[in-house]
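Residue-level listing of the chains:
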Amino acid sequence: MIEVIPARDFGPGHRRAVTQVYVDAFGADFTYFSKDPTRLAALFEPMLAPEHFHLALVDGHPAGITALTDGRQQSVRPDRRQFVRHLGWVKGTIGAAVLRREFGRTLDLPAGTASLEYVGTASAHQGKGVATALLTHLMRVSGHRRYVLEYIADTNAAALGLYRKLGFVEYRRVPVRYTRFSGINHYVSMEWERP
């Protein structure tokens, strides 16, 4: 059984729980900077804003995360000092700039619209309905009329397929400047609106 809770309800270890799932789910995106999950966890833990995250628990253990914001709040707050401290001056400076440019912006969303961010599943639980449970729960209980998912890599076929299955439709594609480095051609934005 999958239970979805606000991350803070997990107790004193909620920040660490969110960070561990974040690194497990997205660590492959940061291998240029480090392949060490312990180093990545130390880097990202102070930058995550757990008040915006929800945890999916499988048998009481964190299995997935999703942040829910109004678009103006940041669920991850890029901090150059943390990057430099954990990755060194060169990689840290580059990493901070990339994260800030790609994910540090805010959205100007109309009233009644929520942003679903950093939908991630721990590798041991992928393909078991964790992300589906997280998203459907939040869309059912949070009370918003419209939900958006921004900056989905066009190469992330699994995520795009899941979102389409849940009824999200694409409404924008933004070209990626450094395609040859990332392999990503576009960032896709999708939306779902309550009937």
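Everything below is about the structure printed above this text.
Here's what I pulled together on the structure shown here. (Residues numbered from 1 in each chain as written. Predicted model: local features only at pLDDT ≥ 70, side-chain atom pairs only at ≥ 80, totals over all residues. Heavy atoms only, no water.)

1. Describing unusual backbone geometry
To keep it simple, the criterion reads: Secondary structure elements follow DSSP: runs of H or I of four or more residues count as helices, runs of E of two or more count as strands, with numbering from the N terminus. Three exposure classes are used, based on accessible area relative to the maximum for each residue type with a 1.4 Å probe and protein chains only: buried under 20%, partly exposed in between, and exposed over 50%.
Even without glycine at this site, D59 takes up a positive phi of about 55 degrees. Counting through the fold element by element, D59 comes out in the loop between β2 (53–58) and β3 (61–69). Positive phi is not limited to glycine here, since Y118 has a value of about 50 degrees. Taking relative accessible area as the criterion, Y118 reaches 16% and is therefore assigned buried.

2. Here we look at helix α6 (residues 157–165)
In plain terms, the rule: Relevant arc is that of directions from the helix axis to the C-beta atoms, nothing else. Throughout, a contact is declared for two residues whenever any of their heavy atoms are within 4.5 Å.
Restricting attention to buried positions, one finds in α6 the residues A159, L160, L162 and Y163. Buried residues of α6 fall within an arc of 160 degrees about the axis and therefore sit on the same side. In α6, the exposed positions angled more than 90 degrees off the buried face are occupied by A157, A158 and K165. Here the buried face of α6 lies against β4 (113–121), α5 (130–141), β5 (146–153) and β7 (186–193). In the stretch just after α6, G167 is the one whose phi turns positive, near 100 degrees.

3. Some words on the sheet that holds β3
Rules: Note on pairing: two strands pair once DSSP finds at least 2 bridges between them. Lines fitted to the C-alpha atoms define the axes, with helices restricted to the stretch that makes contact. Angles between their N-to-C directions range from 0 to 180 degrees.
Strand order in this open sheet of seven strands is β1-β2-β3-β4-β5-β7-β6, and the pairing throughout is mixed. Taken across any chain shown, the strands that pair with only one partner, and hence form the sheet edges, are β1 (2–6) and β6 (169–175). Taking each pair of neighbouring strands and ignoring which way they run, the sheet shows an average axis angle of 25 degrees. Pairing geometry for β3 and β4, over five bridges, is antiparallel. Considered in β4, the bridge of G64 is made with T121.

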